[in-house]
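Next come the chains, spelled out residue by residue.
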Amino acid sequence: MKTAIITGSEGQLGQSFVSKLKQLGYKVIGLDLADQVNNEIDYYQVDITKKIEVNSVLKHHKENISVLINNAGVSVFKPFEERTEDEIDFVMDVNIKANILMSQIAYNNYFKLNNAGNIINIGSIYGMVAGDMRIYNNGDRRTPEIYGATKAAVINLTKYFATYMAPNNVRVNCISPGGIHSNQDVDFIKNYSNKVPMNRMGNEAELLSTIEYLLSEKSSYVTGQNIVVDGGFTCW
């Protein structure tokens, strides 16, 4: 059976990606900080910014792990003027450091040994364009500078690892979603949708065909790419 590791397995996107992986016949190893048990997967409550913790749980898995989905991501929502050092460290640790550590662990322990592998990173349109503060009202979860900076780093890491790991037949790609509907404020949904050529937010199900494509042999010559799924948001 094919086996995949996914970080942030218990979040909104993570749960949707897990369901798709299961549908495609993968055994799934989920890593998250959520204090819950997912009986559908091999779930571990682990801090992915700590290499020793990740290695301690993966040492039990000797099977041929062929896929890593770096899905975990965090943000903070205070205005830039109030940004703290702890907030900067928190976002950078999860969004950049953990991506590097997880990619290194998968490459060293599985992909390089098997001369095959597939990494899918989850980026964001805000790794490509700046957040428009005009669409947010007081109390909305604003897109901060540090989130966009780390997602830009994820896109760059995708390109770097794609070239670095290519000699070992490892493909590395990124999916950058636009705004995904998640019970946001009605005014925000309207303001955001007005900036999208398709005039709406997306939903997590609309990312699954791209996940499936990147996991399949149909994408065997695709690596180092940032695939944007945003309803046209970044066209304007």
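Just so it is clear, the model here is predicted, and its values are computed rather than measured.

## Let's talk about the pattern of salt bridges
Part 1: Tallied over the full model, the rule gives nine salt bridges.
Part 2: For Lys195, the salt bridge is made with Asp132, and the minimal N-O distance between the two is 3.1 Å. Here Lys195 is found in the loop between helix H5 (186-193) and helix H6 (208-215), whereas its partner Asp132 is found in the loop between strand S5 (117-122) and helix H4 (145-165), with 63 residues between them in sequence.
Part 3: Exposure remark for Asp132: the relative accessible area of 14% places this residue in the buried category.
Part 4: The salt bridge partner of Glu206 is Arg200, with a shortest N-O separation of 2.6 Å.
Part 5: Each of Lys78, Arg83, Glu87 and Glu145 takes part in one network of salt bridges that share partners.

## Focus on the packing of helix H1 (residues 12-23) against H6
Part 1: Contact geometry of H1 with H6 gives a least axis separation of 10 Å together with a crossing angle of 45°. In terms of orientation, H1 and H6 fall into the oblique class. For the element pair H1 and H6, the recorded crossing hand is right-handed. Packed against H1, whose contacting residues are Ser16, Phe17, Lys20 and Leu21, the element H6 presents Leu208, Ile211, Glu212 and Leu215 at the interface.

The rules behind these values
Residues numbered from 1 in each chain as written. Predicted model: local features only at pLDDT ≥ 70, side-chain atom pairs only at ≥ 80, totals over all residues. Heavy atoms only, no water. Salt bridge = Lys/Arg side-chain N within 4 Å of Asp/Glu carboxyl O. Helix = DSSP H or I, 4+ residues; strand = E, 2+ residues; numbered from the N terminus. Buried < 20%, exposed > 50% of the residue type's maximum accessible area, 1.4 Å probe, protein only. Axes fitted to C-alpha atoms, helices over the stretch in contact; angles between N-to-C directions. Parallel < 35°, antiparallel > 145°, perpendicular 65-115°, else oblique. Left-handed = near helix turned anticlockwise from the far one by under 90°. Contact = heavy atoms within 4.5 Å.

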